[in-house]
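Listed below, chain by chain, are the residues.
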Amino acid sequence: MAFDPASRIQDQLVFGEFGDVNPSITDSSTYTFLDPARMAEVFEHEIEGCFLYSRHWNPTNRTLAEALARMEDAESAQVMGSGMGAISTTLVALCSQGDEIVCGRNIYGGTYALMKNLLPRFGVTTRFVDLRDHAAVRAAMTPRTKVLYAESISNPLLEVSDIPALAAIAHAAGATLVVDNTFSPMILSPLRLGADIVVHSMTKFINGTSDCVAGCVISSKAFIDRLNDVNSGPSMLLGPVLDSFRAASILKNLHSLHIRMRQHGHNAAHIARRLSTLGYDVHYPGLDNHPHHALLLGQMNPGYGWGGMMTLDAGSAEAANQLMKRMQEEKVGYLAVSLGYFKTLFSSPGRSTSSELPPEEREKAGISDGLIRFSIGLDADIEHTAARIERCIAEAGVKPSVRAQR
Ligand code: PLP
């Protein structure tokens, strides 16, 4: 039977202190002990049901982490104050001075900047490669490579990673495959496909209400314990912990994630199909002319759609700006970065979320000046939205492209 992440979350029942249907929120940074000897024991090793200090663990974060581990079919998870907190903590745990990372060329700009600009200060360097070219990935791996890093569906170009193939390459080289699954929660289960560690920016689809920044790391119990080690764990010592009030609100939203992912996917497929039929240069992995359509089909969990993200190339920065302005005026959604919100968001990655990449890297990755990234919302009447977008495209003078209909 196919793996079903939503049913796994549904099976988690946690009661509040008075039998509340929502688990109680931990409103404490520290925890009391009746016996000093017990406190010393908890410092030395984890004891089920015992909490010490909220930077380490607290019950609310634990409940959310357990739900996320269920979703990704993992042993354990840790929740963090941001997606970047999850990514940086994971990389610091895996890499020491002199170690190397091999990373996809087409990734979120913040992740790129972390690897390109910050980690080299600590002696950790990164080679950026085209993850579709497996020979190039294999060639980039050296005995010093500790991490192969990929986004399951990449930001912003929606390239799909072949996770089993990347896992085989990583493991043959003795490296760990880390997959950022931010664009495709529930749709893809990277750990089941061979990845070792999954990270998410929960700021996006998992939370879904664009009211907070949060992240998580999901993996084996051994790895999560390592992150939280009191003496040497990067999570414990760098301190990117999530606030328990946010953990509680994200947990509530997580229980509607499966419904939201289906609706995001349904709406995005509708818009992408319509614009593609009209000849516009649209990228959406759910279109059967997308170069990675079959690759995604072979890896995805059934029933959650093809995701809420699509791109449209307006042809030039001027046309993209004009179109985004018109779409905001026409109430299609907001001109804003981020994704996974219940309303449609759109932005130009070249001048926002991927601006950390130098122009030549953006060109190599295929991020053109006219590219618009859409996170399609949960609109009840998507046909109405499609008609509005079509009108805005015509008014902005965006022309159908010969590159369309891929
Ligand atoms: N990973 C991806 C794919 C993202 O798009 C982002 C943010 O846009 C991040 C990680 C970073 O997440 P956060 O903003 O929650 O730190």
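Placed above this text is the structure.
Once a new chain begins, its residue numbering starts again from 1 and follows that chain's sequence as written. In view of the model being predicted, local features appear only for residues whose pLDDT reaches at least 70, and side-chain atom pairs are presented and counted only at 80 or more, with totals across whole chains, interfaces and linings using the full set of residues. The side-chain figures draw on all heavy atoms in the structure; neither hydrogens nor water molecules are used.

**Observations regarding the pairing of strand β1 (residues 76-80)**
- Burial classes follow relative accessibility: with a 1.4 Å probe on protein chains only, a residue under 20% of its type's maximum area counts as buried, one over 50% as exposed, and anything between as partly exposed. Where helices and strands are cited, they refer to DSSP runs of H or I of at least four residues and of E of at least two residues respectively, numbered from the N terminus. Where burial is concerned, most of β1 is hidden: five out of the five residues are buried.
- Here β1 shows two buried faces, one formed by Ser76, Gln78 and Met80 and the other by Ala77 and Val79.
- In short, DSSP must find at least two bridges between two strands for them to pair. Where β1 and strand β7 (residues 215-219) come together, five bridges link them in antiparallel fashion. When the bridges of β7 are listed, Ala77 appears paired with Ile218.

**What to know about the site of the ligand**
- Neighbouring the ligand are 14 residues; Met84, Asp180, Ser201, Thr203 and Lys204 lie closest to it.
- Polar contact is the term for a pair of N or O atoms within 3.5 Å; when the atoms are in protein, one must be able to donate a hydrogen and the other to accept it, and sequence-neighboring residues count only if both atoms are side-chain atoms. Here Met84 contributes a backbone N or O atom positioned 2.8 Å from an oxygen atom of the ligand.
- Throughout, the Shrake-Rupley method with a 1.4 Å probe supplies accessible areas, and for residues the shown protein chains are the sole cover considered. Contact with the protein chains hides 91% of the accessible area of the ligand, taken as 390 Å² for the molecule alone.
- No other element matches the three residues that helix α4 (residues 83-94) contributes to the shell around the ligand. The near set for a molecule or strand comprises every residue that places at least one heavy atom within 4 Å of it.

**Structural notes on the packing of aromatic side chains**
- Aromatic rings from Phe, Tyr and Trp, with only the six-membered ring used for Trp, were paired whenever their centres fell within 6.5 Å, and each pair was classed as stacked if the ring planes differed by under 30 degrees, edge-to-face if by over 60, and tilted otherwise. Counted by the stated rule, this structure contains four aromatic pairs.
- Both rings, one in Tyr31 and one in Phe51, keep their centres 5.9 Å apart while their planes meet at 45°; by these two values the pair is tilted. Highlighted residues: Tyr31 in the loop between α1 (5-10) and α2 (36-44) and Phe51 in the loop between α2 and α3 (59-71), separated in sequence by 20 residues. Both residues of the pair, Tyr31 and Phe51, count as buried.
- For the ring pair Tyr341 and Phe342, a centre distance of 4.3 Å and an interplane angle of 40° mean the geometry is tilted.
- The class for Tyr341 is buried, based on a relative accessible area of 16%.
- Whether a charge sits over a ring comes down to the Lys NZ or Arg CZ being within 6 Å of the ring centre and within 35 degrees of the ring normal. Of note, Arg62 hangs over the ring of Trp57, and the distance from its end group to the ring centre comes to 4.1 Å.
- When the ring centre of Tyr108 is taken as reference, the NZ or CZ atom of Lys204 above it lies at 6.0 Å.

**Structural notes on the pattern of salt bridges**
- Within this document, salt bridges are pairs made up of a side-chain nitrogen of Lys or Arg and a carboxyl oxygen of Asp or Glu, the two lying within 4 Å of each other. Throughout the structure, instances matching the rule amount to 17 salt bridges.
- In this structure, the salt-bridge partner of Arg246 is Asp211, at a minimum N-O distance of 3.8 Å. Placement of Arg246 in helix α10 (residues 244-254) and of Asp211 in the loop between β6 (197-201) and β7 is noted, with a sequence separation of 35 residues between them.
- Residues joined by salt bridges that share partners form a network here, namely Lys325, Arg326, Glu329, Glu330, Arg391 and Glu395.

**Describing unusual backbone geometry**
- In this chain, Asn155 is followed by Pro156 through a cis amide linkage whose omega measures 10°.
- Mapped onto the elements of the fold, Pro156 is located in the loop between β4 (145-151) and α7 (163-172).
- Even without a glycine there, the phi angle at Ser210 is positive, about 45°.
- Examined against the element boundaries, Ser210 turns out to sit in the loop between β6 and β7.
- With a phi angle near 65°, Lys331 is a residue other than glycine that sits in the positive phi range.

**Looking at the sheet that holds strand β8 (residues 281-283)**
- The strand order across the open sheet built from five strands is β8-β9-β12-β11-β10, with neighbouring strands paired in mixed fashion. Lying at the two open borders of the sheet, with one neighbouring strand each, are β8 and β10 (333-335). Across the sheet, the mean angle from the axis of one strand to that of its neighbour is 20°, orientation sign disregarded.
- Pairing analysis gives three bridges linking β10 to strand β11 (residues 344-347), with the strands arranged parallel. Its bridge partner lying in β11, Tyr334 is registered against Leu345. In this description, a line fitted to the C-alpha atoms serves as the axis of each element, helices being fitted only across the stretch in contact, and the angle between N-to-C directions of two axes falls anywhere from 0 to 180 degrees.

**Comments concerning the sheet that holds strand β3 (residues 125-129)**
- In spatial order, the strands read β1-β7-β6-β5-β4-β2-β3; together these seven strands make up an open sheet with mixed pairing. Two strands lie at the open edges of the sheet, namely β1 and β3, each paired on one side alone. With direction set aside, neighbouring strand axes in the sheet form an average angle of 20°.
- Across the sheet, α3 lies against β1, β6 and β7, angled at about 125° from β1, the strand it touches most. Residues count as neighbours in contact if any of their non-hydrogen atoms are within 4.5 Å of one another.

**Quick notes on the packing of α3 against α10**
- Closest axis-to-axis distance for the α3/α10 pair is 8 Å, and the angle between their directions is 35°. As for the relative orientation of α3 and α10, their crossing is left-handed in sense. Residues Thr60, Asn61, Thr63, Leu64, Ala67, Leu68 and Met71 of α3 form the contact with α10, whose own contacting residues are Ser244, Ala247, Ala248, Ile250, Leu251 and Leu254.
- Split by residue class, the contact of α3 with α10 holds nine nonpolar, four polar and no charged. The handedness criterion is simple: a crossing whose near helix is rotated anticlockwise from the far helix by less than a right angle is left-handed, and one whose near helix is rotated clockwise is right-handed. As a working rule, the residues Ala, Val, Leu, Ile, Met, Phe, Trp, Tyr, Cys and Pro are called nonpolar, Asp, Glu, Lys and Arg charged, and the rest polar, with Gly in that last group.

**Some thoughts on the side chain of Ser219**
- Mapped onto the secondary structure, Ser219 falls in strand β7.
- At 2.8 Å, the side chain of Ser219 and the backbone oxygen of Asp196 are in polar contact.
- Beyond its immediate chain neighbours, meaning those up to four positions away, Ser219 contacts Ala74, Glu75, Ser76, Leu191, Asp196, Ile197 and Ile224.

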